[in-house]
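# Structural characterization, general
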Amino acid sequence: MKILVCISKAPDTTTKIGFTNNNTEFIGDKVTWIINPYDEWYALVRALELKETLGGSVTVINVGLVDNEAILRKAFAIGADDGVRIDANPTDAYFVANQIAEYAKDKGFDLILTGKETIDYNGSQIGGMIAALNDVNYVSLATKLDVAGTEATVECEMEGGSEIVTLQLPAVISCQKGMAEARIPNMKGIMAARTKPLQVIVAAASESLTEIVKYELPAEKTGCKMISPDNVDELVRLLHEEAKVI
Amino acid sequence: MSVLIFAESNNGKFKKSTLEAVYYGSKIAAQLNTECITLADGSLDAAELSSLGKFGAAKVVTVKHDNLQHLDAKAYTYVIAETSKKVNASVIVLSYNVTGKAVAANVAAKLKAGLVAGAISLPDTTNGFVIKKSVFSGKAFAYFNIKTATKVIGLTPNSFQAIATDATAIVEALDVNVPADQFSVIVKETIKSSGTISLTEAELVVSAGRGLKGPENWGMIEEMATILGAATACSRPVADIHWRPHGEHVGQTGITIRPNLYIAIGISGAIQHLAGVNQSKTIVVINTDKEAPFFKAADYGIVGDAFEVVPKLNEALKKYKAASH
Ligand SMILES: Cc1cc2nc3c(=O)[nH]c(=O)nc-3n(C[C@H](O)[C@H](O)[C@H](O)COP(=O)(O)OP(=O)(O)OC[C@H]3O[C@@H](n4cnc5c(N)ncnc54)[C@H](O)[C@@H]3O)c2cc1C
Ligand SMILES: Nc1ncnc2c1ncn2[C@@H]1O[C@H](COP(=O)(O)O)[C@@H](O)[C@H]1O
């Protein structure tokens, strides 16, 4: 099993979000950056589990600038064998997907795993784009993944429930909760991470198809109207007459 | 040129999210002065197909194939991409529900079209093609400009309300042959979730957390949901300890929803929970602790014990429902 896990960098979930430069730029300098949780907890750990039972290798890949190497090293500490950083600013989903697709196309990966979405731009798009660009099979929002020979069995979310499907490898699969249990790197892993190979690759010629022109913070809630627990009829009235939701 | 909308059905009826997408697509077609065309499953009955006219479709083109009854990202992508060429689509709209997330990005990459994954506004075409989208798990919005001639939009469910007229659409069968090698998955088992109302589509959601003490106490929550015609949701710990099914878990690591009304009972309002629900239009919080962070994100709050407040509220809601019918 040769597995490629796509790792992105995201602001820690408790980050206070702010913008500068006339609301065109995210203020990233005070942010604690983490591996996007879906990539770390589900995609990476399931890849490691598959390698442990079936043999093979787990490579992590990131499209980003040099600061992103910290998250690749963290992935090494958790257990990835080696890593690739494509040296470019990840300007939009198509650009990122194209970089990964270009890198992966002649390397013979059986599986490419992504997280369900990044917690900053919440796109859920990179996996599908890689699959389309390299013309391989794709299952999104997977909660379980097993492999036997060249066939994968995947449980995934569906409108109104879930489904268990089989498909042929190579495949791209986007991973979410249920797939695996998060692993905490141990001392041995952290030591080994320093010397694992991290290859830096020049970006392929590509373009962005979208751009962010402006950000905006949501309007503050005007304050919570408190209602006495002895006066639930008042809540019902407000929901009907003021909020008009029932 | 045209705007093409991908329609999805369940038990022979179009999904609510599809009606929203058709309505939304028809508004874009009007903006661009072009035709609104919907792609639908040809095995639906004729009346249902033409009913999309009510929500703004001028034409419904259909494709029929037994293996398209189940989601198959590759095959769906093929059908949508082929259809978009046949109808010369400049904009393709899909609801960004579970199906949309499986398909929209593939379609966009196949056509080398820019994608907005989770639109919550119509495009502003005064300077480009700019669409608003929620980012940072509901903590901010970003305006995305699509730079390509062909555009793909994944529309966030519940962001537009489909308004019906009495128009009907013409229905036309389309000749799209899906090569066998485009079918990529074999379905082994389909598991329907227990709730009758899908959580992402629900306009009203009743949700409860660890404050309820145990799974045996969910009767009053389900009762409230039944009275209101709401879906039920829960906080993550409650799903983790199996008090409630995982499909109900909302938040950062669970499902993101944006109902008109979210009632949170015995949930503290941790930032990771809020990430999944903070786009709800109205939030009601019931909690014994007046310092619970959820009150800061709420519109209406009751400081009180769920075991006393919820039964009383259920009675009040029943009374209201009885009077309003
Ligand atoms: C990376 C990460 C991701 C996470 N993702 C999610 C996620 O997706 N979704 C999610 O929900 N959580 C998530 N969490 C967990 C989150 O941080 C909180 O721990 C969780 O939301 C708390 O659940 P709760 O509100 O049900 O329980 P608690 O925090 O224990 O709150 C229970 C509340 O009930 C109130 N209460 C007690 N008794 C009563 C009563 N009788 N009547 C009324 N109120 C009562 C209490 O005052 C309290 O406010 C995540 C955490 C991390 C670190
Ligand atoms: N810059 C990046 N480098 C590598 N992988 C990425 C990058 N951005 C996103 N991904 C992967 O794509 C998944 C979905 O991201 P998105 O489509 O942006 O929501 C993430 O969970 C990652 O696995």
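Whatever comes next refers back to the structure up there.
Notes on the structure follow. As the structure is a computational prediction, the values presented were derived from the model and not from experiment.

Core analysis: the biggest nonpolar cluster contains 102 residues, and A:Leu111, A:Leu145 and A:Val154 have the highest contact counts within it. Top element by residues in this core is helix α3 (residues 93–104) of chain A. It accounts for nine residues. By size, the runner-up hydrophobic cluster in this structure holds 39 residues, among which are A:Phe19, B:Tyr24, B:Ala40 and B:Val93.

The next thing to look at is empty space enclosed by the protein. Following the criterion strictly, the structure yields five cavities of 30 Å³ or more and no others. Computed from the structure, the largest cavity encloses a volume of approximately 500 Å³. What lines the largest cavity is a set of 32 residues, among which A:Glu117, B:Tyr96, B:Lys101, B:Thr156 and B:Thr256 lie closest to the centre. Elements supplying a minimum of two residues to the lining of the largest cavity: α4 (98–111), β7 (114–119), β8 (130–135) and α7 (271–277) of chain B. In this structure, the second largest cavity encloses a volume near 90 Å³. If you trace the second largest cavity, you find 13 residues lining it, with A:Tyr138, A:Val139, A:Cys156, A:Met158 and B:Leu71 closest to the centre. Within the residue set of the lining of the second largest cavity, elements represented by two or more residues are β9 (137–148), β10 (151–158) and β11 (161–168) of chain A. A class-by-class count of the residues in the lining of the second largest cavity yields nine nonpolar, one polar and three charged.

Before going further, it helps to examine the site of ligand 2. Residues and elements named next belong to chain A. Close to ligand 2 lie 19 residues; Cys6, Asp39, Thr118, Ser124 and Gln125 are nearest. Take Asn36: an N or O atom from its side chain is 3.2 Å from an oxygen atom of ligand 2. Between ligand 2 and Asp39, the relevant distance is 2.5 Å, taken from an oxygen atom to a side-chain nitrogen or oxygen of the residue. Listing elements by their share of the shell around ligand 2, those giving two or more residues are β6 (57–64), α3 and β8 (111–115). For the shell around ligand 2, the element with the highest residue contribution is β6, accounting for three residues. In terms of residue class, the shell around ligand 2 is made up of eight nonpolar, nine polar and two charged.

Another aspect to go through is helix α2 (residues 69–78) of chain A. Here α2(A) has its buried residues at A:Ile71, A:Leu72, A:Ala75, A:Phe76, A:Ala77 and A:Ile78. A positive backbone phi angle near 145 degrees is found at A:Gly79, which sits one or two residues after α2(A).

Moving on to the sheet that holds β10(A). Taken in spatial order, the 10 strands of this open sheet run β13(A)-β7(A)-β6(A)-β1(A)-β8(A)-β12(A)-β9(A)-β10(A)-β11(A)-β12(B), and their pairing is mixed. Across the chains shown, the open sheet's two edge strands, defined by having one partner strand only, are β13 (198–202) of chain A together with β12 (185–192) of chain B. Taking each pair of neighbouring strands and ignoring which way they run, the sheet shows an average axis angle of 30 degrees. Where strand β1 (residues 2–6) of chain A lies against β8(A), three bridges are found, and the strand directions are parallel. Opposite A:Ile3, over in β8(A), you have A:Leu111 as the bridge partner. In the packing of helix α4 (residues 126–134) of chain A onto the sheet, the strands contacted are β1, β8, β9 and β12 (171–175) of chain A, and the crossing angle to β9(A) comes to about 80 degrees. In the packing of α4(B) onto the sheet, contacts are made with β9 and β10 of chain A, and the angle to β9(A) comes to roughly 100 degrees.

Each value, and the rule that gives it
Residue numbers here run from 1 along each chain, matching the order of that chain's written sequence. Think of it this way: whatever chain is written first is A, whatever ligand is written first is 1, and the rest follow in order. Side-chain atom pairs in this predicted model are given and counted only at pLDDT of 80 or more, local residue features only at pLDDT of at least 70, and totals for whole chains, interfaces and linings cover all residues. Computation of side-chain values covers all heavy atoms of the structure but excludes hydrogens and water. For this analysis, a nonpolar core means a set of buried residues of the types Ala, Val, Leu, Ile, Met, Phe, Trp, Tyr and Cys, connected via side-chain atoms within 4.5 Å. Relative accessible area decides the class of each residue, using a 1.4 Å probe on protein chains only: under 20% of the type maximum gives buried, over 50% gives exposed, and in between gives partly exposed. The secondary structure listing takes helices from DSSP runs of H or I that are at least 4 residues long and strands from runs of E that are at least 2 residues long, numbered from the N terminus. A pocket, in this scheme, is an open set of points on a 1 Å grid over the protein atoms alone with protein on both sides within 12 Å along at least 5 of 7 lines, while a cavity is a set where a 1.4 Å probe fits but cannot get out; residues line either one if an atom lies within 4 Å of a point. Grid points are joined across faces, edges and corners, and a volume is the space filled by probe spheres set on the points. Under the scheme applied here, ten amino acids are nonpolar (Ala, Val, Leu, Ile, Met, Phe, Trp, Tyr, Cys and Pro), four are charged (Asp, Glu, Lys and Arg), and all others, including Gly, are polar. Being near a molecule or strand, for a residue, means having at least one of its heavy atoms within 4 Å of it. Side-chain atoms alone can form a polar contact between residues adjacent in sequence; in general such a contact is a pair of N or O atoms within 3.5 Å, and within protein one must be able to donate a hydrogen while the other accepts it. Any two strands with at least two DSSP-identified bridges between them are counted as paired. Working convention: axes come from line fits to C-alpha atoms, limited for helices to the stretch in contact. Angles between N-to-C directions cover 0 to 180 degrees. The contact definition used throughout considers only heavy atoms, calling two residues in contact when any of these lie within 4.5 Å.

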